[in-house]
Amino acid sequence: MKTVRQLLHEKGPDIASVGPDESLFDAMQLMAANNIGALLVIKANKLTGILTERDFSRKSYLLNKPVKDILVKEVMTHQVAYVNPDFTNKDCMALITERRIRHLPVLENDQVIGIISIGDLVKDAISEHQFIIHQLERYIYSTPE
């Protein structure tokens, strides 16, 4: 089973982020342009929250004002579940299931080094299962007669 560090190495170093005082409209445009479902909210190089499509859809209408007038900090999730690079896929899946979330920031020494999504975890799990199936098939079909 892979660690988060290994998953990030395969995924690449890109981290999409936004500041808490930026407009929600600009943040949503950034998500749409990058085809992603979450942005890390970073201020002074520290993780202060996460903004997800779910935050937008569930919280922005309650403010009863135009999206361009809403700040990220007004709708972001402040209590962020996160993992460190030594967590395994299984650890992350358990946390995502328990918290009912889709994205996990990865922190090392209080610094953001990446983000893992449920899609990344499922893709890795499927790949691991396919590898095991392939190995079992090779074992079955290559046994001496």
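It should be emphasised that the depicted structure is a prediction, and the values quoted were computed from it without experimental measurement.

Draft legend 1. Layout of the packing of aromatic side chains. Scanning the entire structure with this criterion turns up zero aromatic pairs. The ring of F25 has K68 sitting right over it, with the charged end atom 4.7 Å from the ring centre.

Draft legend 2. Representation of the pairing of strand β4 (residues 103–108) in the model. Buried residues dominate β4, accounting for five of its six residues. Linkage of β4 to strand β5 (residues 111–117), two consecutive antiparallel strands, is achieved through a turn of two residues, within which N109 is found at a positive phi near 55 degrees.

Draft legend 3. The arrangement of the sheet that holds strand β3 (residues 46–52) in detail. Strand order in this open sheet of three strands is β1-β2-β3, and the pairing throughout is mixed. Sheet topology places β1 (17–18) and β3 at the edges, where each strand pairs with a single neighbour. Judged from the two bridges that link them, β1 and strand β2 (residues 38–43) form a sheet pairing that is parallel. Bridging across to β2, V18 finds its partner in V41.

Draft legend 4. Structural detail: the side chain of H103. Secondary-structure assignment places H103 in strand β4. Under the relative-accessibility criterion, H103 is labelled buried at 18%. When residues no more than four places from it in sequence are discounted, the contact partners of H103 are G37, A38, I50, T52, I115, I116 and S117.

Draft legend 5. Region of interest: helix α5 (residues 89–99). Listed in full, the buried residues belonging to α5 are N89, C92, L95 and I96. For α5, the angular spread of the buried residues around the axis is 130 degrees, confining them to a single face. What points out from α5, more than 90 degrees from its buried face, is the exposed set K90, T97 and E98. Immediately downstream of α5, the backbone of R100 shows phi near 55 degrees, a positive value.

Draft legend 6. Region of interest: the pattern of salt bridges. Under the criterion given, the structure shown has eight salt bridges. Taking the shortest distance from any N to any O, the salt bridge between R5 and D86 comes out at 3.8 Å. Of this pair, R5 sits in helix α1 (residues 4–11) while D86 sits in the loop between α4 (72–75) and α5, and the two are 81 residues apart along the sequence. The partly exposed category is assigned to R5, whose relative accessible area is 38%. For the salt bridge of D21 with K73, the shortest nitrogen-to-oxygen distance reads 2.7 Å. Here D21 is found in the loop between β1 and α2 (24–34), whereas its partner K73 is found in helix α4, with 52 residues between them in sequence.

Draft legend 7. Representation of unusual backbone geometry in the model. Backbone geometry at N45 places phi at a positive 60 degrees, although glycine is not the residue there. Take N45: it is sitting in the loop between β2 and β3. Classification of N45 as exposed rests on a relative accessible area of 59%. The phi angle at R100 is positive, at roughly 55 degrees, despite the residue not being glycine.

Draft legend 8. Highlighting α1. Here α1 has its buried residues at V4, L7 and L8. Each buried residue of α1 lies within a common arc of 100 degrees when the element is viewed along its axis, so the set occupies one face. Summarising the geometry of α1, the exposed residues directed more than 90 degrees from the buried face are H9 and E10. Taken from the residues just after α1, G12 is the one with a positive phi, measuring 110 degrees.

Cut-offs used in this document
- Residues numbered from 1 in each chain as written.
- Predicted model: local features only at pLDDT ≥ 70, side-chain atom pairs only at ≥ 80, totals over all residues.
- Heavy atoms only, no water.
- Phe/Tyr/Trp six-rings, centres within 6.5 Å; stacked < 30°, edge-to-face > 60°.
- Lys NZ or Arg CZ within 6 Å of the ring centre and 35° of its normal.
- Buried < 20%, exposed > 50% of the residue type's maximum accessible area, 1.4 Å probe, protein only.
- Helix = DSSP H or I, 4+ residues; strand = E, 2+ residues; numbered from the N terminus.
- Pairing = 2+ DSSP bridges.
- Contact = heavy atoms within 4.5 Å.
- Arc of directions from axis to C-beta.
- Salt bridge = Lys/Arg side-chain N within 4 Å of Asp/Glu carboxyl O.

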